[in-house]
Amino acid sequence: MDLQQPSLWEYQLQAEDSGQKYLSILAHKFHFSAKLLQRLKQGERVWVNGRFSYLTARGKEGEVLSIQLFSDEEANIPGEDLPLEILYEDEYILAVNKIMGQVVHPNRRYPTNTLGNAVIGYWERKGENRLYRPIHRIDRNTSGVVVIAKNQFAHQQLGWQLDHGQIHKRYLGFVEGIVQKDKGTIDDPIGFAPNSFIKRQIHPDGMPARTLFRVLRRYSNVTFLEFVLETGRTHQIRVHCEGFGHPLLGDDLYGGTTTLLPRHALHSAMYAFRHPATGRPIFIRAPFPKDLRGLVKKLKNL
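Residues numbered from 1 in each chain as written. Predicted model: local features only at pLDDT ≥ 70, side-chain atom pairs only at ≥ 80, totals over all residues. Heavy atoms only, no water.

Chemist: Please explain helix α5 (residues 236–243) as it appears in this structure.
Modeler: An α-helix turns once per 3.6 residues; consequently, residues spaced three or four apart project the same way. Most of α5 sits inside the fold, with six of its eight residues counted as buried. The complete set of buried residues in α5 reads Q236, I237, R238, V239, H240 and C241. Taken from the residues just after α5, G245 is the one with a positive phi, measuring 85°. (Buried < 20%, exposed > 50% of the residue type's maximum accessible area, 1.4 Å probe, protein only. Helix = DSSP H or I, 4+ residues; strand = E, 2+ residues; numbered from the N terminus.)

Here is the structure:
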């Protein structure tokens, strides 16, 4: 794969591909979505050995299948000139370290000053026209890694990985009290809390949710934990921490106190996946923010 040609995805057909329709190869071997394949068909963006080809044609071993990707699209939200800490970028993905207090995507309550506005503004200043396609979202007051796809192909490829449990997410957080077990698993379903569109709770009829935790350090009455998510439910870590009797520090929505920190003490520290074009492993890490570094100093002095 040549990433120096960002609009071109290429694959050389192998022996097992002979006789297969290009449509089938792209759909089953590389998980191209039906929506993306339809766009490619309508746009005449499929080439074999440098010549236009129909997706329904059958391939032969050694042929080079080339796909011209869509990279120039009208932005779907207004851009703004806002600070943006970039952790990684190439022609397929952008990973940033979201600051605490910033919403990932504009909504009625937060129409501006969001991460989406910042990303679109950054691209506009570079002369790039793209849609804003975050692969995942984290809460407004959670800091850390957010990964954004830079084209439809990357978005659907990473979306497939996310749906099939092939993206690994690690969080760091501080919970109230002393967690006795060095490590463990919380496997409790999560649903909506009564009379609320925001708050969640552990509920037997909720969606399956599984969180792994490991103690990194114990302070006087606070425990520093690493969390690994095996599912991605809204507020999953926050709900699970409340459920096992150790709410996140600062999380007043789920039983935490704000004496030491005015926001819930949770940081998206690492995001690992396979590159949508090359398949190589990508590890994105976000450094601890200033307020959590300050929290550590406070805890050491207690």
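And the narrative resumes.
Chemist: I tried to follow the packing of aromatic side chains on my own but got confused; where do I start?
Modeler: What describes a pair of aromatic rings is the distance from one ring centre to the other and the angle between the planes of the rings. On inspection of all chains with the given rule, the structure shows 14 aromatic pairs. Here W9 and F32 contribute two aromatic rings whose centre-to-centre distance is 5.4 Å and whose plane-to-plane angle is 65°, an arrangement assigned as edge-to-face. Placement of the pair is W9 in strand β1 (residues 8–12) and F32 in the loop between α1 (22–29) and α2 (34–43), with a sequence separation of 23 residues. Between F174 and F224, the ring centres sit 4.5 Å apart and the planes meet at 10°, which makes this aromatic pair stacked. Of the two residues, F174 is situated in strand β9 (residues 168–176) and F224 in strand β14 (residues 222–229); the sequence distance between them amounts to 50 residues. Using a relative accessible area of 14% as the deciding quantity, one classes F224 as buried. Joined through ring pairs, the aromatic side chains of W9, Y11, F30, F32, Y92 and F153 make up one cluster. In this arrangement the basic side chain of R130 is found over the ring face of W123, its NZ or CZ atom lying 5.9 Å from the centre. (Phe/Tyr/Trp six-rings, centres within 6.5 Å; stacked < 30°, edge-to-face > 60°. Lys NZ or Arg CZ within 6 Å of the ring centre and 35° of its normal.)

Chemist: What is the right way to read helix α6 (residues 290–301) from this model?
Modeler: Spanning twelve residues, α6 covers 17 Å between terminal C-alpha atoms, matching the ideal 16 Å at 1.5 Å per step. The complete set of buried residues in α6 reads L292, L295, V296 and L299. Down the axis, α6 shows its buried residues gathered within 105° of arc, on one side only. Residues of α6 that are exposed and point more than 90 degrees away from the buried face comprise K290, K297, K300 and N301. Next to the buried residues of α6 lie β9, β14 and β15 (266–274). (Expected span 1.5 Å × (residues − 1). Arc of directions from axis to C-beta. Contact = heavy atoms within 4.5 Å.)

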